[in-house]
Amino acid sequence: MIIYMDYASTSPLRPEVVEAMAPFNGDNFGNASGGHRVSRYAKKALEDARDSIAESCGVESGEVFFTSGGTESDNIAVLGTLGAENKRRGEPTAVVCSAVEHPAVFETFRSVGAGRGLSVGSVAPQTRLAAVDGSGVVDLGSLEEVLDQGVVLVSVMLANNETGTIQPLSSIVDLVRRLAPDAVFHTDAVQGACYLDLASALSDVDVASISAHKLGGPKGVGAVVVRKGINVAPLFHGGGQERGLRSGTSNVAGAVGFASALSISQSVRESESTRVGLLRDRLVDEIKSSVPGVTESSDRSKVLPGHAHVRFQSVDREELVVLLDQAGVCVSAGSACSSGALEPSRVLTAMGVDKEDARGAIRFSLGHMTTAEDVERALAVIPEAVGRLRA
Ligand code: PLP
């Protein structure tokens, strides 16, 4: 029996999504760019999916561009925006992101700071970081300090992948508009899109990234939303699909599944937030009462309903992941560490968590198929697993 508690990593396909995609993995296999009837079916399905995603996001269909997922959308958002800005205004002076961005944004900002994505001869912009508080929320004072008229791009995620912390986007955007009026504002909405009201969250942003597989949709498909009037240069050269922004034969089945997953998750988001939030609360409250030395990483009221990020004192997170896996419980060690398991997560470090404390950080993430029984089964094995590691 598998108890899957790693939805922030990826989620199982919703049955309705499997059904919606089936024809496009079968008889309706056409290339959406062709001129005959098989292509026309595919093209119609692709455009219907675009319309549906636009509606879920509260934007126009022409503002939705399909990509291969969150990573590509983030790269297009950052490098594509800078490419276009570069052409328009000459040398950009600074770009800003939060200290807790997903690597798809964070590492792209780092590479921009090292000169990537610029025209020959232009100077790399300074990459500036906005600090976060102990819950992982962007510190508005710190953001204020790094904003000025020379900032051409700001990126702050809607919700964090490790801790689930939700950012106060509208206050952040207000500050950016006031202090860096020419900056393009991007948000990585990959984690937030399942439980937050997307239309409202995206209403003030210029560019946004979404990915289907975090919502009960298929892997390998996502979208970058680019609001009218914002210039983004393509990263790939090719057939000119997606109105020139993202060349490559369209993933029609993926787009159809993505649209279905997003529309379902947005329509059930209030009831699911309550249901999943109660399961998460039961999980964390019981862990805290049955296991000594447990700290929640963020203020729960500021976190996505499916996320529980906790730190077990005197426990190695990798060992706990393995022990829980042996007991059938699938969780994550809180972050993908590119530089080795012993390094603490960059996100926790930014939140002021010290190395020793970060060692026992575990992310439980629940989702649309999680049941109360799953939670009780997990609770039946967690105290013993922690006890064994501390013995
Ligand atoms: N951004 C965030 C916040 C994420 O959590 C992820 C995936 O973990 C990504 C971007 C990358 O998305 P994808 O896996 O679709 O490339």
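Everything quoted here is computed from the prediction, not taken from an experiment.

(A) Inspection of the environment of Val321 at higher detail. Tracing the backbone through its elements, the reader meets Val321 in helix α10 (residues 317-326). It is 37 Å that separates the C-alpha atoms of Val321 and Leu235, two residues lying 86 residues apart in sequence. When neighbours within four sequence positions are excluded, Val321 is seen to be in contact with Val331, Ser332, Ala333 and Ile362.

(B) Expanded view of the site of the ligand. Close to the ligand lie 13 residues; Gly70, Thr71, Asp188, Ser211 and Lys214 are nearest. One of the side-chain nitrogen or oxygen atoms of Asp188 is found 2.6 Å away from a nitrogen atom of the ligand. Within the side chain of Ser211, an N or O atom sits 2.6 Å from an oxygen atom of the ligand. Burial of the ligand by the surrounding chains reaches 85%, relative to a free accessible area of 390 Å². Broken down by element, the shell around the ligand gets its largest block of residues, three residues, from helix α3 (residues 70-89). Here the shell around the ligand is built from residues that sort into two nonpolar, eight polar and three charged.

(C) Broad picture of the packing of aromatic side chains. With the rule as written, the count across this model stands at two aromatic pairs. On the numbers, 6.4 Å between centres and 70° between planes, the contact of Phe66 with Phe258 is edge-to-face. Linking Phe66 in strand β2 (residues 64-67) with Phe258 in helix α8 (residues 252-267), this pair joins segments that are 192 residues apart in sequence. In this structure Phe66 comes out as buried when scored by relative accessible area, which is 6%.

(D) Local environment of the sheet that holds strand β7 (residues 207-211). As summarised here, the arrangement of the seven strands in space is β2-β8-β7-β6-β5-β3-β4, forming an open sheet in which the pairing is mixed. Two strands bound the open sheet, and with one partner strand each, they are β2 and β4 (126-130). Within the sheet, the average angular offset between the axes of one strand and its neighbour, ignoring direction, is 20°.

(E) Fine view of helix α9 (residues 269-290). End to end, α9 covers 31 Å across 22 residues, agreeing with the expected 32 Å (1.5 Å per residue, within 8%). Taken together, the buried positions of α9 are Arg269, Glu272, Val276, Gly277, Leu279, Arg280, Leu283, Val284 and Ile287. What you see down the axis of α9 is that its buried residues fit within an arc of 170°, all on one side. Facing away from the buried surface of α9 by more than 90 degrees, the exposed residues are Glu270, Leu278 and Ser289. At its buried positions, α9 is contacted by α8, β9 (294-296), β10 (307-312), β12 (361-365) and α13 (372-390).

(F) Representation of the nonpolar core. Within the largest apolar cluster, 97 residues are counted, with the highest numbers of intra-cluster contacts made by Leu143, Phe258, Leu283, Phe312 and Phe364. For this core, the leading source of residues is α8, giving eight residues. Each of domain 1 (3-11 + 269-390) and domain 2 (15-267) accounts for three or more of the residues forming this core. Beyond its immediate stretch of four places on either side in the chain, Phe258 contacts Ile53, Phe66, Ile210, Ser211, Ala212, Leu215, Pro218, Val221, Gly222 and Ala223. Core analysis: the second largest hydrophobic core is formed by 20 residues, Phe106, Val152, Leu153 and Val232 among them.

(G) Just empty space enclosed by the protein, in detail. Going through the model one piece at a time under the given rule, you end up with three cavities of 30 Å³ or more. As for the largest cavity, its lining consists of 17 residues, of which Tyr7, Cys194, Tyr195, Lys214 and Leu366 are closest to the centre. A per-class count over the lining of the largest cavity returns eight nonpolar, eight polar and one charged. Residues from two domains meet in the lining of the largest cavity; each of domain 1 (3-11 + 269-390) and domain 2 (15-267) gives at least three. Looking at the second largest cavity, its volume works out to about 60 Å³. Contributing elements (two or more residues each) for the lining of the second largest cavity: α9 and β10. When residues of the lining of the second largest cavity are assigned to their parent elements, the largest contribution, three residues, is made by β10.

(H) The arrangement of the sheet that holds β10 in detail. Read across the open sheet, the three strands follow the order β9-β10-β12; overall the sheet is antiparallel. Each edge of the open sheet carries a strand with a single partner, namely β9 and β12. Each strand axis lies, on average, 30° off the axis of its neighbour in the sheet, ignoring direction. Across three bridges, the pairing between β9 and β10 is antiparallel. Of the residues in β10, the one forming a bridge with Val294 is Phe312. Against the sheet, α9 touches β9, β10 and β12, its axis set at about 10° to β10.

(I) Local environment of α10. Restricting attention to buried positions, one finds in α10 the residues Arg317, Leu320, Val321, Leu323 and Leu324. The buried residues of α10 occupy an angular sector of 170° when projected down its axis, which confines them to one face. Where α10 is buried, its residues touch β10, β11 (329-330), α12 (355-358), β12 and α13. For α10, the N-terminal cap is Asp316; the gap from its side-chain oxygen to the backbone nitrogen of Glu318 is 2.8 Å.

(J) Molecular detail of the domain arrangement of the protein chain. Under the domain assignment, the protein chain is made up of domain 1 (3-11 + 269-390) and domain 2 (15-267). The gap between the C-alpha centroids of domain 1 and domain 2 is 28 Å. The junction of domain 1 with domain 2 conceals about 2,500 Å² of combined surface from both sides, 51% of it contributed by carbon and sulfur atoms. Per-residue buried area on domain 1 facing domain 2 is highest for Arg269, Leu304 and Arg346; these three make up 30% of the total on that side.

Cut-offs used in this document
- Residues numbered from 1 in each chain as written.
- Predicted model: local features only at pLDDT ≥ 70, side-chain atom pairs only at ≥ 80, totals over all residues.
- Heavy atoms only, no water.
- Helix = DSSP H or I, 4+ residues; strand = E, 2+ residues; numbered from the N terminus.
- Contact = heavy atoms within 4.5 Å.
- Near = heavy atom within 4 Å.
- Polar contact = N/O pair within 3.5 Å; in protein donor to acceptor, adjacent residues only side chain to side chain.
- Areas by Shrake-Rupley, 256 points an atom, 1.4 Å probe, with all protein chains shown as cover.
- Nonpolar A, V, L, I, M, F, W, Y, C, P; charged D, E, K, R; others polar.
- Phe/Tyr/Trp six-rings, centres within 6.5 Å; stacked < 30°, edge-to-face > 60°.
- Buried < 20%, exposed > 50% of the residue type's maximum accessible area, 1.4 Å probe, protein only.
- Pairing = 2+ DSSP bridges.
- Axes fitted to C-alpha atoms, helices over the stretch in contact; angles between N-to-C directions.
- Expected span 1.5 Å × (residues − 1).
- Arc of directions from axis to C-beta.
- Core = buried A, V, L, I, M, F, W, Y, C linked by side-chain atoms within 4.5 Å.
- Domains from an automatic or database assignment.
- 1 Å grid on protein atoms, 1.4 Å probe; cavity = no way out; pocket = protein on both sides within 12 Å on 5 of 7 lines; lining within 4 Å.
- Points joined across faces, edges and corners; volume = space filled by probe spheres on them.
- Buried area = accessible area lost by both parts, 1.4 Å probe.

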